[in-house]
Amino acid sequence: MRDGRSGPPEESSSIAFGEKLLALLGTGSFTTSYKYALLLAILDAVVEGTGPDGSPPVSLSGRELGRRVFALYWRQARPYTEHGTLRQGPAGQRDLVFKIAELRGRLGVPEHLPLEVARRQHPEELDQLEREVVAVVIRYPVVLLQRFGSGAAAIDDRFIYEVAWDDAVSPGRVHRPNFDDSLVLVHGAGAHLSALSGLVRPVVEREWLRHVARRNEGDVDELRLEAFLFGSDRSSLTSLREPLLRIQRGHCFYCQAERGPWEVDHFLPWSRWPDNRLDNLVVADRGCNNDKRAALPAVQHLNRWSARSAPTSSTSQQLATVADQLQWPRRAERTAAGARGLYHHQPAGTMLWVGRGVVEPLDPTRLTSVFPNLDLDVAAEGGSDYKR
Ligand SMILES: [Zn+2]
């Protein structure tokens with residue numbers, strides 16, 4: 001389901017909404033890292049739930065958010081050092097990260113094995129633990145996220161979503177088919193979250209990182225910890241380099257150079273929206289990859305990228321073959337929805353990356369060549385500031 005409103009909301013109310021989110025991070029109670037994980041899951045689900053006209057979703061599925069949290073923790077539960085897994089909850093507590101680490105150890109899962117692949121090898125064990133994670137997410141962080149302060153003085157302010165249950169709900173009920181797991185977004189919240197996701201995500205990650213550093217006393221190298229917790233797992237991407245380069249006929253996706261060194265690049269930058277599925281991956285020469293970093297690619301690139309995944313294109317067939325052969329996950333329509341969400345909420349004039357050292361301001365009307373059903377009304381108004 002989606003919100004009828006489309007495009008960026010009133011700027012001032014987005015700022016007020018963002019301030020409230022910051023206050024939540026500053027004053028809420030964070031014993032474990034569950035709320036951080038839930039917040040990132042919500043940001044991802046909102047971006048990925050963008051409709052064909054660019055409108056944000058009106059509700060999110062609690063079970064889906066739980067599965068996203070499971071995926072986030074799956075990577076974070078691998079060993080950080082020879083001492084093992086990083087603690088994210090109080091000492092002695094068997095929290096979700098601990099349980100995932102335990103299962104990984106018991107099954108002997110290699111460190112960099114993506115969740116999707118591990119799931120094919122151990123479907124029963126992973127499904128069972130995922131169900132447990134889903135129940136915990138629905139019963140605790142979903143209910144407690146919008147609580148400011150702690151203890152008797154805590155104030156619940158449901159400014160993001162409403163749910164029809166409280167923390168007394170039993171784990172068994174959560175899994176019954178008739179349990180309504182909807183987080184109904186408060187009017188405007190979906191649009192605010194979409195508009196702010198690029199700003200809020202790094203703040204949540206930063207707070208999460210500090211939480212983990214505190215829980216694991218001693219000197220923690222923050223850059224290393226950041227890459228461990230939130231970075232993309234580049235080593236797992238190497239197997240895709242040659243097949244993707246063949247699809248690109250040996251050329252850099254961006255500058256068409258015929259010489260590497262080649263690197264697999266997340267077209268939609270990982271730091272804005274961590275999507276490791278095949279349609280978001282292209283091959284670029286190192287120069288382009290280093291220069292592009294967290295920028296969104298220019299519309300000309302977006303056009304070619306989008307055409308590559310179009311269901312009727314020969315390249316989409318080739319991608320399907322690669323996904324089959326390498327057992328790599330692919331959800332083209334979800335990746336496309338993420339692209340709509342990210343681009344549609346950029347104000348006119350946002351600098352997009354063209355090539356090494358070259359940027360160009362976004363002209364939102366050009367986005368309709370890629371997303372023909374996009375509603376640009378509000379987006380066009382958002383551009384007035386830039387043109388002034
Ligand atoms: Zn290049």
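Rules and cut-offs
Residues numbered from 1 in each chain as written. Predicted model: local features only at pLDDT ≥ 70, side-chain atom pairs only at ≥ 80, totals over all residues. Helix = DSSP H or I, 4+ residues; strand = E, 2+ residues; numbered from the N terminus. Rg over C-alpha atoms; globule rule 2.2 N^0.38 Å. Buried ≥ 20, exposed ≤ 12 C-beta atoms within 10 Å, placed from the backbone. Contact = placed C-beta atoms within 7 Å. Domains from an automatic or database assignment. Nonpolar A, V, L, I, M, F, W, Y, C, P; charged D, E, K, R; others polar. Pairing = 2+ DSSP bridges. Axes fitted to C-alpha atoms, helices over the stretch in contact; angles between N-to-C directions. Parallel < 35°, antiparallel > 145°, perpendicular 65-115°, else oblique. Left-handed = near helix turned anticlockwise from the far one by under 90°.

Student: Run through the overall build of the protein, naming residues and quoting values.
Tutor: Check the secondary structure of the protein and you find 17 helices and nine strands. The C-alpha atoms of the protein give 21 Å as radius of gyration, which agrees with the globular expectation for 388 residues (21 Å, within 12%). Along the longest, intermediate and shortest principal axes, the C-alpha atoms of the protein span 60 × 50 × 45 Å. Counting across all 388 residues of the protein, residues that qualify as buried make up 39%. Nonlocal contacts in the protein, meaning residues at least 24 apart in sequence, comprise 74% of its contacts between residues at least 6 apart.

Student: Summarise the domain arrangement of the protein; cite the residues concerned and give the values.
Tutor: Assigned domains within the protein: domain 1 (11-230) and domain 2 (234-387). Across the contact, 16 residues belong to domain 1 and 17 residues belong to domain 2. For the side of domain 1 that touches domain 2, the secondary structure elements donating two or more residues are α2 (34-48), α5 (115-121) and α9 (189-215). Within the side of domain 1 that touches domain 2, the residues separate by chemical class into five nonpolar, six polar and five charged.

Student: Can you explain the sheet that holds strand β1 (residues 59-61)? Please cite residues and give values.
Tutor: In sheet architecture, strand pairing relies on hydrogen bonds along the backbone and comes in two forms, parallel and antiparallel. Across the sheet, which stays open at both edges, the three strands sit in the order β1-β5-β4 with antiparallel pairing between neighbours. Because the sheet does not close on itself, it has two edges, and the strands there are β1 and β4 (161-162). Judged from the three bridges that link them, β1 and strand β5 (residues 182-185) form a sheet pairing that is antiparallel. Bridge assignment links serine 59 to a residue of β5, and that residue is valine 184.

Student: Tell me what's going on with unusual backbone geometry, and back it up with residues and numbers.
Tutor: Between glycine 260 and proline 261 the backbone carries a cis peptide bond, its omega angle lying at 5°. Along the chain, the position of proline 261 falls in the loop between α11 (238-247) and β6 (262-266). Of note in this structure, arginine 293 is not a glycine but carries a positive phi near 40°. Counting through the fold element by element, arginine 293 comes out in the loop between α12 (286-292) and α13 (299-309). Since 9 C-beta atoms lie within 10 Å of it, arginine 293 is described here as exposed. Residues other than glycine seldom take positive phi values, yet glutamine 327 does so here, at roughly 55°. Following the sequence through the fold, glutamine 327 ends up in the loop between α14 (314-326) and α15 (332-344).

Student: So, the packing of α11 against α14: which residues are in play, and what are the values?
Tutor: The N-to-C vectors of α11 and α14 enclose an angle of 160°; their axes lie 10 Å apart at closest approach. As judged from the angle between their axes, α11 and α14 are roughly antiparallel. Where α11 crosses over α14, the two elements pack in a sense that is right-handed. Contacts from Ser239, Leu240, Pro243 and Ile247 in α11 reach Thr315, Gln318, Leu319, Val322 and Leu326 in α14. Looking at side-chain class alone, the contact of α11 with α14 contains six nonpolar, three polar and no charged residues.

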